[in-house]
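Remarks on the overall topology
Listed here are the chains, written in short residue letters.
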2 protein chains.
Amino acid sequence: MGPGREDMMTGEALAALEQSDVIIGYTVYLGLLGERFQGKELLSTPMRQETERCQLAFQEAEKGKQVALICSGDAGIYGMASLMYEIGKTHLETELVVIPGITAASSGAAVLGAPLNHDFCVISLSDLLTPWEKIEKRLVAAAEGDFAMAIYNPSSHKRKDYLMRACDILLCHIEGERACGYVENIGREGTRAVTCTLRELRETQVNMFTTVFIGNAGSEIINGKLVTKRGYQIERNTGICRNN
Amino acid sequence: MGPGREDMMTGEALAALEQSDVIIGYTVYLGLLGERFQGKELLSTPMRQETERCQLAFQEAEKGKQVALICSGDAGIYGMASLMYEIGKTHLETELVVIPGITAASSGAAVLGAPLNHDFCVISLSDLLTPWEKIEKRLVAAAEGDFAMAIYNPSSHKRKDYLMRACDILLCHIEGERACGYVENIGREGTRAVTCTLRELRETQVNMFTTVFIGNAGSEIINGKLVTKRGYQIERNTGICRNN
């Protein structure tokens, strides 16, 4: 579904929904679907019950229906595609097709400027299924590789200090003045983009609907936008690619 | 523009093209635009002349026209957004809006299965603007962080052996049996997805229209699809998240 706004979905995704007999998803996302889809058979399972949601999708498909299982962003990035293939191991007669969508790394970056642009990492701070030590290791690796970063799930009710903890790890490897930023409510009511330094980001309390961006060594704030250099112009001016 | 197929573009992107007086882009992408756009004023600059293309966009905008500058994939990922902000430093009266698109990490992953799914890195093997040593450093960091990877620009006429060189670096840190794959001509005629091991990938000559995917430690081939685990089911079966 991308960020949630229908005009940020692809024609391919909308066509799949139109052709489906049943649409299954977390209640919040079903509610974001346009009027014309509300007449379809809409099924849901409670939050966290992703496995049950996938099983439901196969059960409905096995009744001969065309089923669409929806999730926000891109189904292949912290989405439902992987779990569907896992559970599909025991439902081989059902054809599974993944339709890509706009992930927050792309939609958030577009609001903030061009913070990724070159080589980058996407890292989730959610330790629901990932040990925190593993997340720390990835933050260190991303900093050592001088990757730009998109940070997903930077905060939740139970993890209010996770972004601060992540910034403390990054600050061991990256200067405090590093250009960063974050975007709230991408593609929804109240979209808000903020640029700041890594040190300022450490002191910021973001909400769970926020995607955080860390620039690389060549990133800078240009007229309020977070921009990671591609190199062309720099190369022409100085002969070296400053973002490398 | 995403991969190039119109139904893989968002409504927002299509609306921007429809509202534009001028559409500027590399000739190949202008040619991929649908019939209804061919009547617009279409302008181009030769390959490699991205700076001139951006300057042309501002020049046309300063004539009072609404201009769309197009590129493939996502404008914010190895696209034109960053260069537009750079050149925009001297064109402050022109409003610049970035419209996100489906990048090859998402569109390629959807064809191959769910190879990214969790934390991942996007790395380009093009050393046109990046020293090869920097690319090597990022490959090592990505391997050490156990990131899944999407490799852009894995080959070109002048860089036929770059994927082999990248695989040799990864093979110093990752087992040869690591689940990998690649996709050719995403969203175009002749789309082809192949799964293989990292050792097999090293021996593969891919073309320049290929995106390569390297799984993480928990990735596996499920019914011909490259799948990186999300964790739910594994967690339930064994109490540990095998992709971490």
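Residues numbered from 1 in each chain as written. Chains lettered and ligands numbered in written order. Predicted model: local features only at pLDDT ≥ 70, side-chain atom pairs only at ≥ 80, totals over all residues. Heavy atoms only, no water.

Residues and elements named next belong to chain A. Between helix H6 (residues 132-144) and helix H7 (residues 162-170), whose axes approach to 9 Å, the crossing angle comes to 45 degrees. When the axis of H6 is compared with that of H7, the two are oblique. Judged by the twist between their axes, the crossing of H6 over H7 is right-handed. Of the residues in H7, those in contact with Trp 132, Glu 136, Leu 139, Val 140 and Ala 143 of H6 are Tyr 162, Arg 165, Ala 166, Ile 169 and Leu 170. Of the residues that constitute the contact of H6 with H7, the class distribution is eight nonpolar, no polar and two charged. (Axes fitted to C-alpha atoms, helices over the stretch in contact; angles between N-to-C directions. Helix = DSSP H or I, 4+ residues; strand = E, 2+ residues; numbered from the N terminus. Parallel < 35°, antiparallel > 145°, perpendicular 65-115°, else oblique. Left-handed = near helix turned anticlockwise from the far one by under 90°. Contact = heavy atoms within 4.5 Å. Nonpolar A, V, L, I, M, F, W, Y, C, P; charged D, E, K, R; others polar.)

Turning our eyes to something else, we now look at empty space enclosed by the protein. On inspection of all chains with the given rule, the structure shows one cavity of 30 Å³ or more. In this structure, the largest cavity is lined by Ile 77, Thr 103, Ala 105, Ser 106, Phe 120 and Val 122 of chain A together with Ile 77, Thr 103, Ala 105, Ser 106, Phe 120 and Val 122 of chain B. Each residue belonging to the lining of the largest cavity can be placed in one class, and the counts come to eight nonpolar, four polar and no charged. (1 Å grid on protein atoms, 1.4 Å probe; cavity = no way out; pocket = protein on both sides within 12 Å on 5 of 7 lines; lining within 4 Å. Points joined across faces, edges and corners; volume = space filled by probe spheres on them.)

All right, on to the interface of chain B and chain A then. The parts lose accessible area when they come together, and the size of an interface is often stated as this lost area. Contact with chain B, which involves 74 residues of that partner, is made by 73 residues of chain A. When chain B packs against chain A, the two sides together hide about 6500 Å² of surface, and 54% of this comes from carbon and sulfur. By the criterion of area lost to chain A, the three top residues of chain B are Leu 129, Arg 138 and Arg 230 of chain B, representing 12% of everything that side buries. On the surface where chain B and chain A come into contact, there are twelve salt bridges. Taking the shortest distance from any N to any O, the salt bridge between Lys 229 of chain B and Glu 86 of chain A comes out at 4.0 Å. Where chain B meets chain A, there are 37 residue pairs in polar contact (both at pLDDT 80 or more). Partitioning the side of chain B that touches chain A into residue classes produces 31 nonpolar, 22 polar and 21 charged. Alignment of strand E5 (residues 120-124) of chain A against strand E5 (residues 120-124) of chain B, held across three bridges, turns out to be antiparallel. For Val 122 of chain A, the partnering residue across the bridge sits in E5 of chain B and is Phe 120 of chain B. (Buried area = accessible area lost by both parts, 1.4 Å probe. Salt bridge = Lys/Arg side-chain N within 4 Å of Asp/Glu carboxyl O. Polar contact = N/O pair within 3.5 Å; in protein donor to acceptor, adjacent residues only side chain to side chain. Pairing = 2+ DSSP bridges.)

Attention now goes to the sheet that holds strand E3 (residues 67-69) of chain A. Residue and element names in this part refer to chain A. Spatially, the three strands line up as an open sheet ordered E2-E1-E3, and their pairing is parallel. Looking at the sheet topology across the chains shown, the edges are occupied by strand E2 (41-43) and E3. This sheet shows a mean twist of 20 degrees between the axes of neighbouring strands, independent of strand direction. When strand E1 (residues 22-24) meets E3, the two strands line up parallel, connected through three bridges. Its bridge partner lying in E3, Ile 23 is registered against Ala 68.

So, about the sheet that holds strand E7 (residues 179-184) of chain B. The mixed open sheet is built from ten strands, whose spatial order is E8(A)-E7(A)-E9(A)-E6(A)-E5(A)-E5(B)-E6(B)-E9(B)-E7(B)-E8(B). Lying at the two open borders of the sheet, with one neighbouring strand each, are strand E8 (192-197) of chain A together with strand E8 (192-197) of chain B. This sheet shows a mean twist of 15 degrees between the axes of neighbouring strands, independent of strand direction. Where strand E7 (residues 179-184) of chain A meets strand E9 (residues 210-214) of chain A, five bridges bridge the pair, whose relative direction is antiparallel.

Laying chain B over chain A is done by rotating through 180 degrees and shifting 0.0 Å along the axis; what remains is an RMSD of 0.0 Å. Taken together, these values place the two copies in the relation of a two-fold axis. Looking at chain B, 99% of its interface residues are interface residues in chain A too, so the copies touch through the same face. (Least-squares fit on C-alpha atoms with pLDDT ≥ 70 in both.)

Here we come to the environment of Gly 108 of chain B. Residues and elements named next belong to chain B. Here Gly 108 lies in helix H5 (residues 104-112). Residue Gly 108 is classed as buried on the basis of its relative accessible area of 0%. With 27 residues separating them in the primary sequence, Gly 108 and Ile 135 have C-alpha atoms 21 Å apart. Ignoring anything within four residues of it in the chain, the contact list for Gly 108 reads Val 183, Ile 186 and Phe 213. (Buried < 20%, exposed > 50% of the residue type's maximum accessible area, 1.4 Å probe, protein only.)

Taken as a whole and assessed by the stated rule, the structure comprises 38 salt bridges over all chains. A salt bridge links Asp 146 of chain B to Lys 134 of chain A, with the nearest nitrogen and oxygen atoms 2.8 Å apart. Residue Asp 146 of chain B is found in the loop between helix H6 (132-144) and strand E6 (148-152), and its partner Lys 134 of chain A is found in helix H6; the two belong to separate chains. The exposure class of Asp 146 of chain B is buried, given its relative accessible area of 8%. The residue Glu 177 of chain B makes a salt bridge to Arg 199 of chain B at a minimum N-O spacing of 2.5 Å. Of this pair, Glu 177 of chain B sits in the loop between helix H7 (162-170) and E7 while Arg 199 of chain B sits in helix H8 (residues 198-202), placing them 22 residues apart in sequence. Accessibility expressed as a relative area gives 54% for Glu 177 of chain B, which makes it exposed. Residues participating in the shared-partner salt-bridge network are Asp 119, Asp 146, Glu 175 and Arg 178 of chain A together with Lys 134 and Arg 138 of chain B.

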